[in-house]
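One letter stands for each residue in the lines below.
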Amino acid sequence: MSTPVLELSGISKTFGAVRALSDVDFHVGEGEVVALLGDNGAGKSTLVKVISGAHPADSGGVITWDGKPVTISGPSDAQRLGIATIYQDLALCDNLDIVGNLFLGNEKLHFPGTLDEVEMESRARELLDSLSVRIPSLRVPVASLSGGQRQIIAIARSLLGQPRVVMLDEPTAALGVAQTAQVLDLIERLRDKGLGVLLISHNMADVRAVADRAVVLRLGRNAGNFPIADTSYEEIVAAITGAADNPVSRRSERTGASALATEDK
Amino acid sequence: MTQQTPVSKAPAQGGAESAESKRDPRLLVTAASPKGWIEALKRNLRSGELGPIPVVIGLVLIAVVFQSANDRFLSPQNLSNLTVQIAAIGLMTTGVIMVLLLGEIDLSIGSVAGLAAAVLGVLAVKQGVNEWAAIAAALAIGLLVGLVHGFVFAKLGVPAFVVTLAGLLGWQGLHLYLMGADGTINTSPSGPISLLTQTFFVPAVGWGIALLAAVLYFVSVATVERRRHQAGLPYKPPVELLFRAALLLLPLLGSVWVLNQYKGVPLAFLIFVGFVVVLDLVLRKTRYGRMVYAVGGNAEAARRAGINVDLIRISVFGIASALAALGGIMLTSRNFAASVSTGGGEELMMAIAAAVIGGTSLFGGRGNAYSALLGGLVLGAITSGLLLLQMNTAVRFMITAAVLLIAVILDAFSRRGRKTHARGGA
Ligand SMILES: Nc1ncnc2c1ncn2[C@@H]1O[C@H](COP(=O)(O)OP(=O)(O)O)[C@@H](O)[C@H]1O
Ligand SMILES: [Mg+2]
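In this text the structure is predicted, and so the values were computed from the model without any measurement.

Draft legend 1. Representation of the overall build of chain A within the structure. A count of helices and strands for chain A gives nine helices and 10 strands. In chain A, buried positions account for 53% of the 265 residues. Counting only contacts in chain A whose residues sit at least 6 apart along the sequence, the fraction spanning at least 24 positions is 64%. Counting only carbon and sulfur atoms, one obtains 51% of the accessible surface of chain A, whose full area is about 11300 Å².

Draft legend 2. How the structure looks around the site of ligand 1. All names here are of chain A. Every residue near ligand 1 is listed here: Phe 15, Ala 20, Asp 39, Asn 40, Gly 41, Ala 42, Gly 43, Lys 44, Ser 45, Thr 46 and His 55. Here an oxygen atom of ligand 1 sits 2.8 Å away from a polar atom, N or O, in the main chain of Lys 44. Taken by itself ligand 1 offers 560 Å² of open surface, and the protein chains cover 60% of this. Here the residues of the shell around ligand 1 are counted per class, giving three nonpolar, six polar and two charged.

Draft legend 3. View of the sheet that holds strand E4 (residues 62-65) of chain A. Residue and element names in this part refer to chain A. Read from one edge to the other, the open sheet built from four strands follows the order E2-E1-E4-E5, with strand pairing classed as antiparallel. Edge positions in the sheet fall to strand E2 (18-28) and strand E5 (68-70), since each has one partner strand and no second. For this sheet, the mean inter-axis angle between neighbouring strands, taken without regard to orientation, is 35 degrees. Alignment of E4 against E5, held across three bridges, turns out to be antiparallel. For Thr 64, the partnering residue across the bridge sits in E5 and is Pro 69. The strands touched by helix H1 (residues 44-52) within the sheet are strand E1 (6-15) and E2, with E1 carrying the most contacts at an inclination of about 115 degrees.

Draft legend 4. Quick peek at the sheet that holds strand E10 (residues 221-227) of chain A. Residue and element names in this part refer to chain A. A sheet is described by the order of its strands in space; here six strands give the open sequence E6-E7-E8-E3-E9-E10, paired in mixed fashion. Each edge of the sheet is formed by a strand with only one pairing partner; in this case those strands are strand E6 (83-86) and E10. Strand-to-strand twist in this sheet, taken as the mean axis angle between neighbours without regard to direction, amounts to 20 degrees. Where strand E3 (residues 33-37) lies against strand E9 (residues 213-218), four bridges are found, and the strand directions are parallel. Bridge pairing links Val 34 to Arg 213 in E9. Its contacts with the sheet put helix H6 (residues 177-192) on E3, strand E7 (165-169) and strand E8 (196-200), and the angle it makes with E8 is roughly 150 degrees.

Draft legend 5. Representation of the nonpolar core within the structure. Counting residues in hydrophobic clusters, the biggest one holds 93 residues, and the most contacted among them are Phe272(B), Val292(B), Val295(B), Ile307(B) and Ile312(B). Looking at which element gives the most residues to this core, the answer is helix H3 (residues 76-101) of chain B, with 14 residues. Residues contacting Val292(B), with those up to four places away along its chain left out, are Met98(B), Leu101(B), Leu102(B), Leu283(B), Ile312(B) and Val316(B). Counting residues in hydrophobic clusters, the runner-up holds 49 residues, among them Val99(A), Leu102(A), Ile135(A) and Ile155(A).

Draft legend 6. Spatial organisation of the side chain of Ser384(B). Residues and elements named next belong to chain B. Note that Ser 384 resides in helix H15 (residues 370-388). In this structure the side chain of Ser 384 is engaged in a polar contact, spanning 3.0 Å, whose partner is the side chain of Asn 78. For Ser 384, the residues in contact, after removing those within four places along its chain, are Phe 73, Asn 78 and Leu 82.

Draft legend 7. Seen up close, the environment of Ile89(B). Residues and elements named next belong to chain B. One can find Ile 89 in helix H3. Residues Ile 89 and Ala 210 lie 121 residues apart in sequence; the distance between their C-alpha atoms is 23 Å. Apart from the residues within four sequence positions on either side, Ile 89 is in contact with Glu 347, Met 350 and Ala 351.

Draft legend 8. Looking closely at the pairing of E3(A). Residues and elements named next belong to chain A. Burial analysis of E3 places five of its five residues in the buried class, the great majority of the element. The side-chain alternation of E3 yields two buried faces, one formed by Val 33, Ala 35 and Leu 37 and the other by Val 34 and Leu 36. Note that E3 and E8 share four bridges and pair parallel. Across the sheet, Leu 36 pairs through a bridge with Ile 200, a residue of E8.

Draft legend 9. How the structure looks around the pattern of salt bridges. Residues and elements named next belong to chain A. Using the criterion set out here, one finds 22 salt bridges over all chains in the structure. Arg 139 is the salt-bridge partner of Asp 97, the closest N and O atoms lying 3.0 Å from each other. Placement of Asp 97 in the loop between E6 and helix H3 (98-102) and of Arg 139 in the loop between helix H4 (117-130) and helix H5 (147-159) is noted, with a sequence separation of 42 residues between them. Note on Asp 97: relative accessible area 17%, which makes it buried. Classification of Arg 139 by relative accessible area gives partly exposed; the value is 28%.

Rules behind the numbers
- Residues numbered from 1 in each chain as written.
- Chains lettered and ligands numbered in written order.
- Predicted model: local features only at pLDDT ≥ 70, side-chain atom pairs only at ≥ 80, totals over all residues.
- Heavy atoms only, no water.
- Helix = DSSP H or I, 4+ residues; strand = E, 2+ residues; numbered from the N terminus.
- Buried < 20%, exposed > 50% of the residue type's maximum accessible area, 1.4 Å probe, protein only.
- Contact = heavy atoms within 4.5 Å.
- Areas by Shrake-Rupley, 256 points an atom, 1.4 Å probe, with all protein chains shown as cover.
- Near = heavy atom within 4 Å.
- Polar contact = N/O pair within 3.5 Å; in protein donor to acceptor, adjacent residues only side chain to side chain.
- Nonpolar A, V, L, I, M, F, W, Y, C, P; charged D, E, K, R; others polar.
- Pairing = 2+ DSSP bridges.
- Axes fitted to C-alpha atoms, helices over the stretch in contact; angles between N-to-C directions.
- Core = buried A, V, L, I, M, F, W, Y, C linked by side-chain atoms within 4.5 Å.
- Salt bridge = Lys/Arg side-chain N within 4 Å of Asp/Glu carboxyl O.

What follows is the structure, given as C-alpha cells:
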C-alpha cells in the first residue's frame, strides 16, 4: 500500500490523572476499512476524538496527512483536511425531512437567504443513488425512518463535505440484523469510492464482514494490528483481552485455563 | 398498526435490479385526479398527519351552530367586526408560534403588549410625540425586551418558562408605573394609531388583493414544480396546481365579498394576515426558518451542524416580543386608549391557545404560521357567537378550555402516530 492518507504515531492523551492513550500508532489508507477494537475504556472513542479534533492530542505525537505533518487542534482543522465523524448518538433533527437534514447548516440558496429546495433535493437524490441507498421519498420527516435508514442518512450527510476519511463510532450498536446489513453495505460502498474508513464496533461478525485490517487498543496502548483475512477470531479476541503477545498463554487459554480473562476487571 | 420496515434487498453486487424505473416502487404515487388526492388525504389521516383539517371542521361546526342560534352570526357586519377583533391577539399569536417552534414558551407577551400600549400612550398623548414615532418606539421596546429574555434564556441558561414568568410580572409592573395615576390614556380618534383599526379599503382593493394573492401563489408554485420536473424530481402536474390555486382563491374571494358588503377589507385584518404570510414564507423558504425548526427539533444536532443556536433563540424571543408589542398597539387602537388593564387579561392565554388550536405543537419543531389565523378565527368566532347569544365570559372560558384541550389531545395523538410509524416494526 502507498502512503496512508492519515497516519498517527506516538499519540498520547491524558485527562487529568488518566492516561487514556499512550504512544499510540494508527494509519488508514485510501479504500481501506480499519476496525478499531478494544475493551470498554480501551481508548477507542478517545482516539476518534483526537482525530476529529474534539479532544486534541497531547504534544509529542506526530499526525501526517498524505505524508505531510499536520496539526489537528479543533474540529474545523479535521473538517478542512477531509475527516468526517459520525457519532454514536445521531445528530439528526426528527422534525426535518431527509433533504433538510442532509443539508442542515449547509443549505443551498438562491438569493440571499432563500432555500433552493430543488437543487438540494436533486443533489440529495444523486448522493443517495451513488451510495445505492433506496429511500422512497426524501420529503418524509426522518422520525419516520427506521434506525438503519437514519444511520445511513447520518453517514450520507457527512459525505457532502467530500471527506477522504470517515470515522464511525459503533454505527450498528442499536440496529437489528437487517438494518446492520444496510449500514455494512454502505461502508463497503464508501471503501469502493476510495474513502478510508475507521470503524469502531463491538460486533466481531461486523468487523469480519467489512474490515480489511483490525487495530487493537488495550488500556490505551497498541495491542495489535492484524490483516483480517489472515487472522483468526481467537487471535483478535486474545489481543483485546491481553493475551496477544504470549503464545503460551494463548495455548493455555485454549486448553481451558482461563485465569487470564480476570486480569482485565 | 404494525407497519413493516422496508428491509434492504441487499443489492447483489452483480446488479440484477438496474432495469427498474427511477422512481422507487415503494413510493406511493398520487394520481393526478380528485380520486388520487382523496386517497392521499386518507393516507395522511391514517398516519396522524391531520394538517388543518380538524380546525377547518371545527370552524364550520362553530359557524353552523351559532348561525342556527342567531342568524346575525354570519352577517357581514359581525364577520367584519370579528376580523378586526382577532387582529391584535392574532399578531401576538404569530410571535408565540415562533417560540413554540423552538419548543419553548413565552408567558410575558400579554405584559409586553401592555407595556407597548403604555409607551405608546405616554409618548403620543402625554409627551406629544409624533404618533408614528411613538409606534416605532413601542415596537423597539418590545424587541429589546424580547432580546433580553432571549439572552437570559440562551446565554445564562435560565429556563424560558422562568425568564418570561419574571417578564410577565416585571413588565406589567413597568406598564403600571408608566401609566402613573391615570387609569387610561385616550388616544386621538383621528391619528394614525386609531386609523390602524378604523381603516377599511374600497371594494376594488379587496378584490385586487385576493386575485393577486392567488396569481402569485400559482406562479410561484408553478415555477418550482417546473424546475422539479426539469430536474427529474417528483412533481405536481399543472392541473393539480390550478386546482390548488382555485382552492385558495375561493375562500379569498368569499371573504372579500362578505367584507365588502360591510365597510370593505379592514386594514387591521390585512396587517394580521400580512404578518402571517410573511412569517410563513420566512419559516418555510429561508435559511433562518430552517434553523428555527432545526433548533426546535434537536438543538444538539443543530449545534453540530454549525448553527448558532443561541443567536436563533435570542432572535426568536426578540421577534415574539416585537409582535406582542404590535398586538398591544392594535389593542390600543381598537380601544382608542391605553389603559392599566391593556394586555393584562386573557390576551396571553388566548394567544397561546390560538397557536395550539391552530395546529402548532407544544412539543417543539412542528407547526406553521397559519395556525395563528386558523386558531384566531376559531377563538374569535366563539367569542363573537357567545356575545351574540348574550352568554358571559364564564361560559366562553369554559368552551375555549374545552376546544384547547381537544387541540392538545389531537397534538399528542398525532405525535404518537408519528412515533409508532417511526422505527415501525423494528
Ligand atoms: N473527557 C474525559 N475526561 C476524563 N476521562 C476520560 C474522558 N474521555 C475518556 N476518558 C477516559 O479515557 C479512557 C478511555 O475511554 P474511551 O476512549 O471512551 O474508551 P472506549 O471508547 O474504548 O470504550 C477511559 O478510562 C475513560 O474514563
Ligand atoms: Mg466508546
